[in-house]
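Results of the structural survey
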Amino acid sequence: MKVVLPGGTGQVGAILDRALTAAGHEVTVVTRHPTRERDIGWDGTTLGAWAEAVDGCDVVINLAGRSVSCRYTAGNLRAMMDSRVDSARVVGEAIAAAARPPRVWLQMSTATIYAHRFDAAHDEATGVIGGSEAGVPDYWAYSVEIAKNWERAQAEARTPATRKVALRSAMVMSPDRGGVFDVLLRLARLGLGGPVAGGAQYVSWIHDEDFVRAVEFLIARDDVEGPVNLASPGPLPHREFMRALRAARGVPVGLPATRWMAELGAFALRTDTELLLKSRRVVPGRLRAAGFDFAHPEWERAAADLVRRTKAFRSDHRAGRTYPGAVPRQRS
C-alpha cells in the first residue's frame, strides 16, 4: 500500500510512519523540512511537485498543522488556523487533480471540537460542539473554530472518488521524546503530577498502538466516512488520570496545583492551560459501533505499558542503541 503523510514529521506522524513502514507499506512524508530520501518538500499552502506522490497512492493521511504546544497568543492561534486550513485545502486540490486519486483521505482533526463539559460524554452522534460554553476563556472558542474550519476544508473538497474521514483525535500517548506522555511522566517523576485546579476535568486519550490500529481499521472499512472520534472508551477525571500515572511510575505523591499555578507552569513550558483545564470527555462511538476492539481501553494498564516502554527506550539510548521512535520533531 502506498501512503502519503503530509505533515508526517511530528509526534503522531512519527508514530504512523514507523508503524506503517514496519508493516511493509511504502510511506512518503511531505514536509517543510525534507531530510530523507522518501521525504518530499512543500510549503503547506500551494500545489507543487509533492502532489505527484498523491497521484497513484492508495491513502493520504494529512497531519499538517502548527503544534498546539505553544502559548495561545493571537499570532499563534492564527498560525494554527492557517496551517491547518491551508494544508487541508491544498491536499484536497492535489487529490482533485490526480489522474488516479487515492481511495481514502484521512484528515487529522481534534477532540477539542467538543464542548467543555463534565456531565456526559461526547460521541459523534450526540456530542455537543463547543464554542458557546459559559465561564470559560473566550479564546477557547477560537480553538473550536480552528477544528470546525479544519474539517470544513476537507468536507468541501471536490474529491468524489476518494472517501474522506476526519480523525477527531484525543491526546495520543506514546513514549516518544517531547510528546504529551513524556511531559506528563516528567511532571509525575518530579512530584508535580497532582490534580490541577481540582482535577475534575476529564482527560481523553488514546494509546499509540490503538491509534495506529484505528487508522488501519478506518483505511480498510470502506463504509465509514465523516468524523470519527479516535479516543479510548475510558476518559477519566484528571485527578484519577494522574493518580494512575503516578502509580505506574512508582511515585506515591503528586503535589496539586491551583489554576494560577497552572498558568505559571504553562508559561514556563511555553504552552497553554487549555490543554490542562478543558474537560474533554470524548468516547469512540463510531469506532465501537463498527466493531473496533481496543487493545488498551483502560488507562491504568495503558499507563503501565507506556512507562515500561519509556524505560526501555531510555535504557537503549544509554546503551547506544537506537529506538525506532526517537525521531527528531520538526514543524511540518
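Each chain carries its own residue numbering, running from 1 in the written order of its sequence. Per-residue local features are limited, in this predicted model, to residues with pLDDT of at least 70; the limit for side-chain atom pairs, both in listing and counting, is 80 or more; totals at the level of whole chains, interfaces and linings are taken over all residues. The side-chain numbers reported here are obtained from all heavy atoms of the structure, hydrogens and water having been left aside.

So, about the packing of helix 1 (residues 11–22) against helix 6 (residues 208–220). Here, axes are lines fitted to C-alpha atoms. For helices the fit covers the stretch in contact, and angles between N-to-C directions go from 0 to 180 degrees. The secondary structure listing takes helices from DSSP runs of H or I that are at least 4 residues long and strands from runs of E that are at least 2 residues long, numbered from the N terminus. It is the contact of helix 1 with helix 6, at a shortest axis distance of 10 Å, that shows an interaxial angle of 65°. Comparing their axes, helix 6 and helix 1 come out roughly perpendicular. Note on packing geometry: the crossing formed by helix 1 with helix 6 is right-handed. Across from Val12, Ile15, Leu16, Arg18, Ala19 and Leu20 in helix 1, the residues of helix 6 making contact are Asp208, Phe211, Val212, Val215 and Glu216. Each residue gets one label: Ala, Val, Leu, Ile, Met, Phe, Trp, Tyr, Cys and Pro are nonpolar, Asp, Glu, Lys and Arg are charged, and the others, such as Gly, are polar. The class makeup of the residues in the contact of helix 1 with helix 6 is eight nonpolar, no polar and three charged. Just so you know how the angles are binned, under 35 degrees is roughly parallel, over 145 roughly antiparallel, 65 to 115 roughly perpendicular, and the rest oblique. In this scheme the crossing of two helices becomes right-handed for a clockwise turn of the near helix relative to the far one and left-handed for an anticlockwise turn of less than a right angle. Two residues qualify as a contact provided that any one of their heavy atoms is within 4.5 Å of a heavy atom in the partner residue.

Time to look at the pattern of salt bridges. When a carboxyl oxygen of Asp or Glu is within 4 Å of a side-chain nitrogen of Lys or Arg, the pair counts as a salt bridge. On inspection of all chains with the given rule, the structure shows 20 salt bridges. The partner of Asp210 in a salt bridge is Arg213, and the shortest N-O contact between them spans 2.7 Å. In this pair, Asp210 and Arg213 are both assigned in helix 6, three residues apart and thus about one turn of the helix distant. Between Asp305 and Arg308 there is a salt bridge, and its shortest N-O distance comes to 2.7 Å. You can see Asp305 and its partner Arg308 sitting in helix 11 (residues 299–318), three residues apart, about one turn around the helix.

Now for a nonpolar patch on the surface. For patch detection, residues must exceed 30% relative accessible area and be free of salt bridges, and they are connected within 9 Å for like charges or within 5 Å for nonpolar side chains (Val, Leu, Ile, Met, Phe, Trp, Tyr). Methods summary: accessible areas were calculated by the Shrake-Rupley approach with a probe of 1.4 Å, and residue burial reflects only the protein chains presented. A grouping of Leu190, Leu192, Val253 and Leu255 is seen on the molecular surface, where their side chains present a nonpolar patch of about 400 Å² in accessible area. Residue placement: Leu255 occurs in the loop between helix 7 (238–249) and helix 8 (259–268). The exposed category is assigned to Leu255, whose relative accessible area is 51%. Remark: exposure states derive from per-residue accessible area (1.4 Å probe, protein chains only) relative to the maximum for the residue type, with buried under 20%, exposed over 50%, and partly exposed in between.

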